[in-house]
Amino acid sequence: MNTKNSEKLYKKGCENLVGAVNSPVRAFASVGGNPLFIDKAKGAYIKDVDGNKYIDLVLSYGPMILGHRNKKVEKAVTKAIKKGTSFGASTNAEIKLAKIVCDAFPGMDKVRFVNSGTEAVLSAIRLARAHTGKDKIIKFSGCYHGHMDAMLVAAGSGLATLSLPGSKGVPAQSVENTLIAEYNNLESVKAHFDKHDDIAGVILEPVTGNMGVVQPTDDFIKGLRALTKEKNALLICDEVMTGFRSKFGGAQELVGVEADITCLGKVIGGGFPVGAYGARNEIMENVAPLGGMYQAGTLSGNPIAMAAGISTLTELKNQNPYEKFNTVAEKLEEVLLSSAKKYGVDLKVNRFGSMINPFFTNKEVTNFADAQTSDTDKFAKFFWAMIENGVFLPPSQFEAWFLSTTITIKELKKLEEAIDKSMLVVGSL
Ligand SMILES: *Cc1c(COP(=O)(O)O)cnc(C)c1O
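Going by an unreviewed UniProt entry, the protein chain carries the name Glutamate-1-semialdehyde 2,1-aminomutase and comes from Wenyingzhuangia fucanilytica. Per UniProt, the protein chain carries the Catalytic activity (unreviewed entry) text "(S)-4-amino-5-oxopentanoate = 5-aminolevulinate". Per UniProt, the protein chain has the following entry under Subcellular location (unreviewed entry): "Cytoplasm".

Below, the structure written as structure tokens:
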């Protein structure tokens, strides 16, 4: 495979960019080798600067759920650009997207748009503190909630991939109000509540994507809801990744829970920088200008990004691809498991709607510790074999693969062949 131009750009990029990337998950650190540079993408496919074409299961880490360059989204965005790109004043587009989003979440009366998932989470945490008058937040190891100081402990894929326990540069005071619990372990949450009476909220990915895909057990998620209610703490569902990915709305509904505050991002921006946090009126009324919790953004609710979000969600609603996602993921699971068996590779597969990933381990994966039993060397081999066979995967064992609506029988067939060939490589290690 020829990656000459990518290599060239990587060298050049390293001069004025940090590691030639603007987000560390894009570096190929854990799989060995240098990142590919992308030229363009269309539908289910992405093409690098050397002309190699791949089926894209990264999809910008989730947002491109309709595949690349969806005609309706492209048209809506082009139309919006011609009306001006930013005003510093409200537009009808913000009202429209807010209505679509609030209608899709039972527990959401109002929403505030921001520019990223990180901003959504940091605002949601401030809101939980403002509403309860308490300071501490419980998070789960392996869940990622963006790169704000207080959330950069035991934070899943990005850090795990680079083998970092946390981040340098985070003052001890910034994390002293962060309590870490274990996913799918209600007792570990109870222990914190027994010890502390100033817990403002519990934040989690209602189905995780950032330690790989892990679903909550029924007892865990229902127990969390009951416990937070009893202790007057808020339940914050970080659906930046899961929002609109496995149903039109949130994963919280599928796992049978209703959050007090929901964080969104990724899909709702249709490939543009959008995040959001939303809740019932009584909670959102804490936010300025209605209340005393300050949170602002020069480019928040940007009209181009809103147009992309509206058209993406409208198209998703019309296509209603969620059943199809399940069928495709089920098929991929089958192929992953059967080829692993054929070549004697230990493998577990977790999936939820349009998110799926294999763990190279023989242990069921129900939390971060389980996920970390995976053989990352095997994943690295698998990753490069998939690249050779024309499939672009996230370069991390601990990251979900994403499906788009543009995957047809043809792509599915190619994926199956690539998986089988790549598993053979892993099996012959
Ligand atoms: C991606 C992600 C974030 C951070 O969003 P950014 O837009 O990258 O800041 C937060 N939470 C979850 C669950 C995510 O998957």
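Chemist: In this structure, what is going on with the layout of surface pockets? I would like to understand it.
Modeler: The rolling of a water-molecule-sized probe over the atoms marks out the regions of remaining empty space. The computed volume of the second largest pocket comes to approximately 540 Å³. Lining the second largest pocket are 17 residues, with A76, K79, A80, K96 and A307 sitting closest to its centre. For the lining of the second largest pocket, the secondary structure elements donating two or more residues are α2 (71-81), α3 (92-104) and α11 (303-319). Of the residues contributing to the lining of the second largest pocket, the split by class is 7 nonpolar, 5 polar and 5 charged.

Chemist: Help me understand the pairing of strand β2 (residues 45-48) in this model?
Modeler: Within a regular beta strand, the side chains point alternately toward one face of the sheet and then the other, so they alternate between its two faces. In this sheet, β2 lies alongside strand β1 (residues 38-42) in antiparallel orientation, the contact comprising 4 bridges. Directly across from K42, in β2, lies its bridge partner Y45. Hairpin connection between β1 and β2: a loop of 2 residues separates the two successive antiparallel strands, and G43 in this loop has a positive phi of roughly 55°. With 3 bridges joining them, β2 and strand β3 (residues 53-56) adopt antiparallel strand pairing. Counterpart to K47 in the pairing with β3 is K53. Connecting β2 to the next strand, β3, in antiparallel fashion are 4 residues, including G51 with a positive phi near 85°.

Chemist: In this structure, what is going on with the domain arrangement of the protein chain? I would like to understand it.
Modeler: When the parts of a complex come together, some accessible area is lost, and that lost area is often used as the size of the interface. Split by domain assignment, the protein chain resolves into domain 1 (4-69 + 321-427) and domain 2 (71-318). When each unit is reduced to the centre of its C-alpha atoms, the spacing between domain 1 and domain 2 is 25 Å. Domain 1 puts 37 residues into the contact, and the matching count from domain 2 is 40 residues. Among the residues of domain 1 in contact with domain 2, Y322, F352 and F368 are the three that bury the most area, contributing 25% of the side total.

Chemist: What is the right way to look at unusual backbone geometry in this model?
Modeler: If a residue is not glycine, its phi is most likely negative; likewise, a peptide bond is most likely trans. With an omega of 15°, the peptide bond between A288 and P289 qualifies as cis. Within the fold, P289 resides in the loop between α10 (281-284) and α11.

Chemist: Help me understand the environment of F105, please; the structure alone is not making it clear to me.
Modeler: Within the secondary structure, F105 sits in the loop between α3 and β4 (110-114). On the basis of relative accessibility, which here comes to 3%, the residue F105 falls in the buried class. Sequence separation between F105 and A400 is 295 residues, and the spatial gap between their C-alpha atoms is 23 Å. Look past the residues within four positions of F105 in its chain and what remains in contact with it is E239, F244, G249, G250, Q252, T262 and L264.

Chemist: Quick question: what am I supposed to make of the site of the ligand here?
Modeler: Lining the immediate surroundings of the ligand are S116, G117, T118, Y144, H145, G146, E205, N210, D238, V240, M241 and K266. Between the ligand and K266, the relevant distance is 2.6 Å, taken from an oxygen atom to a side-chain nitrogen or oxygen of the residue. Across the complex, the protein chains shield 82% of the 380 Å² of accessible surface that the ligand would expose by itself. For the shell around the ligand, a count of residues per class yields 3 nonpolar, 6 polar and 3 charged.

Chemist: What should I look at first to understand a positive patch on the surface in this one?
Modeler: The grouping of K40, K47, K53, K410 and K414 at the surface amounts to a positive patch. Among the secondary structure elements, K47 is positioned in strand β2. Owing to a relative accessible area of 32%, K47 belongs among the partly exposed residues under this scheme.

Chemist: Help me understand the pairing of strand β9 (residues 261-264), please; the structure alone is not making it clear to me.
Modeler: Here β9 shows no split at all, with I261 and C263 on one side and T262 and L264 on the other all buried. Strand direction decides the pairing type here: strand β8 (residues 234-238) and β9, joined by 3 bridges, are parallel. Its bridge partner being in β9, C237 is matched across the sheet by T262. Bridge count between β9 and strand β10 (residues 275-279): 4 bridges; the pairing is antiparallel. Of the residues in β10, the one forming a bridge with I261 is A279.

Chemist: Quick question: what am I supposed to make of the nonpolar core here?
Modeler: It is characteristic of soluble globular proteins that their nonpolar side chains tend to be buried jointly. Membership of the largest hydrophobic core comes to 113 residues, with the highest contact counts inside it found for F140, F244, L313 and F382. Shared between two domains, this core takes at least three residues from each, and those domains are domain 1 (4-69 + 321-427) and domain 2 (71-318). Not counting residues up to four positions away in its chain, the partners in contact with F140 are A154, A181, E182, Y183, V189, V202, I203, L204, F220 and L224. If you look at the next biggest cluster of nonpolar residues, it comprises 24 residues, including A124, M148, I236 and V240.

Chemist: Quick question: what am I supposed to make of helix α15 (residues 409-427) here?
Modeler: Since the α-helix packs 3.6 residues into each turn, any two residues three or four apart lie on the same face. If you check α15, its first and last C-alpha atoms are 27 Å apart, about what 19 residues at 1.5 Å a residue would give, namely 27 Å. Inspection of α15 places E411, L412, L415, E416, A418, I419, S422, M423 and V426 among the buried residues, and these make up the whole buried set. The inward-facing, buried residues of α15 abut β2, β3, α12 (322-342), α14 (376-388) and β13 (391-392).

Chemist: What is the right way to read the packing of α2 against α11 from this model?
Modeler: Each pair of packed helices gets described by two things: the angle between the helix axes and the distance between those axes. Contact geometry for α2 and α11: axes closest at 8 Å, N-to-C directions at 155°. It follows from the interaxial angle that α2 and α11 lie roughly antiparallel. As α2 runs across α11, the sense of the crossing is right-handed. Residues K72, V73, A76, V77, A80 and I81 of α2 lie in contact with α11, whose contacting residues are P303, I304, A307, A308, S311, T312 and E315. The residue inventory of the contact of α2 with α11, partitioned by class, reads 9 nonpolar, 2 polar and 2 charged.

Chemist: I keep staring at the sheet that holds β13 and nothing clicks. Help me out?
Modeler: Sheet strands line up and pair through hydrogen bonds in the backbone, either parallel or antiparallel. Spatially, the 4 strands line up as an open sheet ordered β1-β2-β3-β13, and their pairing is mixed. A single partner strand is all that each edge strand has here, and the edge strands are β1 and β13. When β3 meets β13, the two strands line up parallel, connected through 2 bridges. What sits directly across from D56, in β13, is F392.

Scoring rules and cut-offs
- Residues numbered from 1 in each chain as written.
- Predicted model: local features only at pLDDT ≥ 70, side-chain atom pairs only at ≥ 80, totals over all residues.
- Heavy atoms only, no water.
- UniProt positions renumbered as here; feature names shortened; annotations may be inferred.
- 1 Å grid on protein atoms, 1.4 Å probe; cavity = no way out; pocket = protein on both sides within 12 Å on 5 of 7 lines; lining within 4 Å.
- Points joined across faces, edges and corners; volume = space filled by probe spheres on them.
- Helix = DSSP H or I, 4+ residues; strand = E, 2+ residues; numbered from the N terminus.
- Nonpolar A, V, L, I, M, F, W, Y, C, P; charged D, E, K, R; others polar.
- Pairing = 2+ DSSP bridges.
- Domains from an automatic or database assignment.
- Contact = heavy atoms within 4.5 Å.
- Buried area = accessible area lost by both parts, 1.4 Å probe.
- Buried < 20%, exposed > 50% of the residue type's maximum accessible area, 1.4 Å probe, protein only.
- Near = heavy atom within 4 Å.
- Polar contact = N/O pair within 3.5 Å; in protein donor to acceptor, adjacent residues only side chain to side chain.
- Areas by Shrake-Rupley, 256 points an atom, 1.4 Å probe, with all protein chains shown as cover.
- Patch = residues over 30% accessible without salt bridge, like charges linked within 9 Å, V, L, I, M, F, W, Y side chains within 5 Å.
- Salt bridge = Lys/Arg side-chain N within 4 Å of Asp/Glu carboxyl O.
- Lys, Arg positive; Asp, Glu negative; His and termini not counted.
- Charge placed at Lys NZ, Arg CZ, Asp CG, Glu CD.
- Core = buried A, V, L, I, M, F, W, Y, C linked by side-chain atoms within 4.5 Å.
- Expected span 1.5 Å × (residues − 1).
- Axes fitted to C-alpha atoms, helices over the stretch in contact; angles between N-to-C directions.
- Parallel < 35°, antiparallel > 145°, perpendicular 65-115°, else oblique.
- Left-handed = near helix turned anticlockwise from the far one by under 90°.

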